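Here's the letter readout for the chains.
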2 protein chains.
Amino acid sequence: MVEVSRRQAIEDVASDLFRERGYAATSIRDIARALSVQGASLYAHVTSKEDVLWAIVDRAASRFEAAAERAEGEAERRRPGDPAEAVAALVRAHVEVLTGDVDESGVFVREWRSLGPERRSAVLARRDAYEARFRRHIHAGIALGTFEMTDPAIAASALLSAINGLASWYDPKGRLPAGRIADHLVDLSLRMLSSES
Amino acid sequence: MVEVSRRQAIEDVASDLFRERGYAATSIRDIARALSVQGASLYAHVTSKEDVLWAIVDRAASRFEAAAERAEGEAERRRPGDPAEAVAALVRAHVEVLTGDVDESGVFVREWRSLGPERRSAVLARRDAYEARFRRHIHAGIALGTFEMTDPAIAASALLSAINGLASWYDPKGRLPAGRIADHLVDLSLRMLSSES
DNA sequence: CCTACCGATCGGTAGG
DNA sequence: CCTACCGATCGGTAGG
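A. Layout of the pattern of salt bridges. Scanning all chains against the criterion turns up 38 salt bridges over all chains. The closest approach of N and O atoms between Arg63 of chain B and Glu104 of chain B, which form a salt bridge, is 2.7 Å. You can see Arg63 of chain B sitting in helix H3 (residues 49–78) and its partner Glu104 of chain B sitting in helix H5 (residues 102–111), a full 41 residues away along the chain. With relative accessibility at 4%, the residue Glu104 of chain B sits in the buried group. Among the salt bridges present, the one from Arg78 of chain B reaches Glu85 of chain B, with a minimum N-O distance of 2.7 Å. The exposure class assigned to Arg78 of chain B is partly exposed, which follows from its relative accessible area of 46%. Taken together, the shared-partner salt bridges connect Arg7, Glu11, Asp51, Arg59, Arg63 and Glu104 of chain A into one network.

B. Focus on the protein's contact with DNA strand D. What surrounds DNA strand D is a group of 15 residues, the closest being Arg29 and Lys49 of chain A together with Arg6, Gln38 and Ser41 of chain B. Within 4 Å of the protein, the contacting atoms of DNA strand D are drawn from sugar and phosphate to the extent of 59%. At 3.4 Å, a side-chain N or O of Ser27 of chain A approaches a phosphate oxygen of DNA strand D. Contacts to DNA strand D include Arg29 of chain A, whose side-chain N or O atom sits 2.8 Å from a base nitrogen. Grouping the amino acids of the surface near DNA strand D by side-chain chemistry returns six nonpolar, six polar and three charged.

C. Examining the packing of aromatic side chains more closely. Scanning the model with the defined rule gives eight aromatic pairs over all chains in all. Seen in terms of ring centroids, Tyr130 of chain B and Phe134 of chain B are 5.9 Å apart; in terms of plane orientation they differ by 50°. Their pairing is tilted. Remark: Phe134 of chain B and Tyr130 of chain B occur in helix H6 (residues 117–144); sequence separation between them is four residues, near one turn of the helix. Ring pairs connect the aromatic residues Phe64, Phe108, Tyr130 and Phe134 of chain A, which therefore count as one cluster. Its end group placed over the ring of Tyr23 of chain A, Lys49 of chain A keeps NZ or CZ at 4.3 Å from the ring centre.

D. Inspection of the packing of helix H4 (residues 83–100) of chain B against helix H9 (residues 178–193) of chain B at higher detail. Residues and elements named next belong to chain B. Where H4 meets H9, the axes come as close as 9 Å, and the angle between the chain directions of the two elements is 145°. The handedness of the crossing between H4 and H9 comes out as right-handed. Across from Ala84, Val87, Ala88, Val91, Arg92, Val95 and Thr99 in H4, the residues of H9 making contact are Ala178, Gly179, Ala182, Asp183, Leu185, Val186, Ser189, Leu190 and Leu193. For the contact of H4 with H9, the class distribution of residues is 11 nonpolar, three polar and two charged.

E. The arrangement of the relation of the copies chain B and chain A in detail. Under the fitted operation, chain B is carried onto chain A by 0.0 Å of movement along the axis and a turn of 180°, and the coordinates agree to an RMSD of 0.0 Å. In the structure described here, the two chain copies are related by an operation that fits a two-fold rotation axis. A shared interface surface links the copies, since 100% of the contact residues of chain B are contact residues in chain A too.

F. Region of interest: the side chain of Gln8 of chain B. Its place among the elements puts Gln8 of chain B in helix H1 (residues 6–21). With residues up to four places along the chain from it excluded, the contact list for Gln8 of chain B reads Glu3 and Arg59 of chain B.

G. Region of interest: the protein's contact with DNA strand C. Near DNA strand C you find 15 residues, and of these Arg6, Gln38 and Ser41 of chain A together with Arg29 and Lys49 of chain B are the closest. Counting only atoms of DNA strand C within 4 Å of the protein, the sugar-phosphate share comes to 58%. Separating a base nitrogen of DNA strand C from a side-chain N or O atom of Arg29 of chain B is a distance of 2.7 Å. The separation between a phosphate oxygen of DNA strand C and a polar side-chain atom of Tyr43 of chain B is 2.9 Å.

H. Region of interest: unusual backbone geometry. Unlike most non-glycine residues, Ser36 of chain A shows phi in positive territory, near 60°. Residue Ser36 of chain A is classed as exposed on the basis of its relative accessible area of 67%.

I. View of the environment of Ala84 of chain A. Residues and elements named next belong to chain A. The topology assignment puts Ala84 in helix H4 (residues 83–100). On the basis of relative accessibility, which here comes to 18%, the residue Ala84 falls in the buried class. Separated by 107 residues in sequence, Ala84 and Arg191 have C-alpha atoms that sit 9.9 Å apart. The residues touching Ala84, leaving out its near neighbours within four places in the chain, are Thr146, Phe147 and Leu190.

J. The arrangement of the interface of chain B and chain A in detail. With 29 residues of chain B in contact, the opposing surface of chain A contributes 29 residues. Around 2,600 Å² of area is buried between chain B and chain A when both sides are counted, 61% of it from carbon and sulfur atoms. Our count for the contact surface shared by chain B and chain A stands at two salt bridges. The shortest N-O distance in the salt bridge between Arg175 of chain A and Asp151 of chain B comes to 2.9 Å. Linking chain B with chain A are six residue pairs in polar contact (both at pLDDT 80 or more), by the criterion used here. Contributions of two or more residues to the side of chain B that touches chain A are made by helix H7 (152–164), helix H8 (166–169) and H9 of chain B. Here the side of chain B that touches chain A is composed, by residue class, of 15 nonpolar, seven polar and seven charged.

Reading guide: rules and limits
Residues numbered from 1 in each chain as written. Chains lettered and ligands numbered in written order. Predicted model: local features only at pLDDT ≥ 70, side-chain atom pairs only at ≥ 80, totals over all residues. Heavy atoms only, no water. Salt bridge = Lys/Arg side-chain N within 4 Å of Asp/Glu carboxyl O. Helix = DSSP H or I, 4+ residues; strand = E, 2+ residues; numbered from the N terminus. Buried < 20%, exposed > 50% of the residue type's maximum accessible area, 1.4 Å probe, protein only. Near = heavy atom within 4 Å. Polar contact = N/O pair within 3.5 Å; in protein donor to acceptor, adjacent residues only side chain to side chain. Nonpolar A, V, L, I, M, F, W, Y, C, P; charged D, E, K, R; others polar. Phe/Tyr/Trp six-rings, centres within 6.5 Å; stacked < 30°, edge-to-face > 60°. Lys NZ or Arg CZ within 6 Å of the ring centre and 35° of its normal. Axes fitted to C-alpha atoms, helices over the stretch in contact; angles between N-to-C directions. Left-handed = near helix turned anticlockwise from the far one by under 90°. Contact = heavy atoms within 4.5 Å. Least-squares fit on C-alpha atoms with pLDDT ≥ 70 in both. Buried area = accessible area lost by both parts, 1.4 Å probe.

What follows is the structure, encoded as structure tokens:
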């Protein structure tokens, strides 16, 4: 990857290390070593270690939000008011963001708890708003009879957990390409929700 | 909870803290403070910090394995060769272990990566063997036509991720009791797999 | 981006 | 279970 800035290079290396060993177990000097500079030199580009984590988590969150927004819009254009179409689009978009940058997404999924109190609760609120997209379509699908009666909150949590698990086992050089995995997860998700009529 | 031993008290407090802040972000002195003793005093009962993590992870793994073994046995006794019955029993057993001790299970699900290389790969192997139980029943169900055609490895990963997500959001004092949550997750799991015939 | 350095904290040991 | 202490490492600053 071509680095546009030193700051970006730091965040890329940090994403890799944070995902691999976790934020707390990664030191500023670990990041610096991977860039062949002294630890103290990083402070010319970042103000704190948490600052780097925040940049990664915030960018990942924005990517997920933007992709979901676009996916919902396109689903609505294709099949207005169709909850299955909307959920399928959301799942596919989520998988695409996740497989598009495993490091960044993995840090977002697993390491946001290491943020300070205000940022942590800000992330929690954004995650809840994101999950609410799924809850809304599940709720609508139940009302329409497209989806089986179920608890929308549990179904949405289970569904998102299922696809977020990908962050732990997806391997870009693995058996299946990202597109095929997305197909499978869309199928599994819809089957989990759909009524059998 | 009545503590049977000082060692057990240490592990209980450590489970709580490891789950809350993560292993790397929790110091031996944090654990000691929660027990109102000096940090160095803990070393009369444990040989290292990783030793404590290992005890927690190993015990949790054993609980999941034992529960799964029993669940498969009972399912086979009730409905021999019925993959749906087996998966339902496995999911229910898993949820019961998880909700039975959120701290221990949460550490097992999230913090096993902090173990040293040998222990980490031992845990990975046990997790794979555990997941293989699900894969086997899914494979059998597809062969029988009970389950929809799908990739058993992806389906098993997705299913386990979905229920493991519980470790992140289950609240013993929450809206729904553990039993009701288990019912929902069993339903969602079977629906995810079952063919619509 | 470097050297030099700060105070704090880490996991762990010695010896009682 | 305590006091006293070890060497190592931590995030971060000063001053160039």
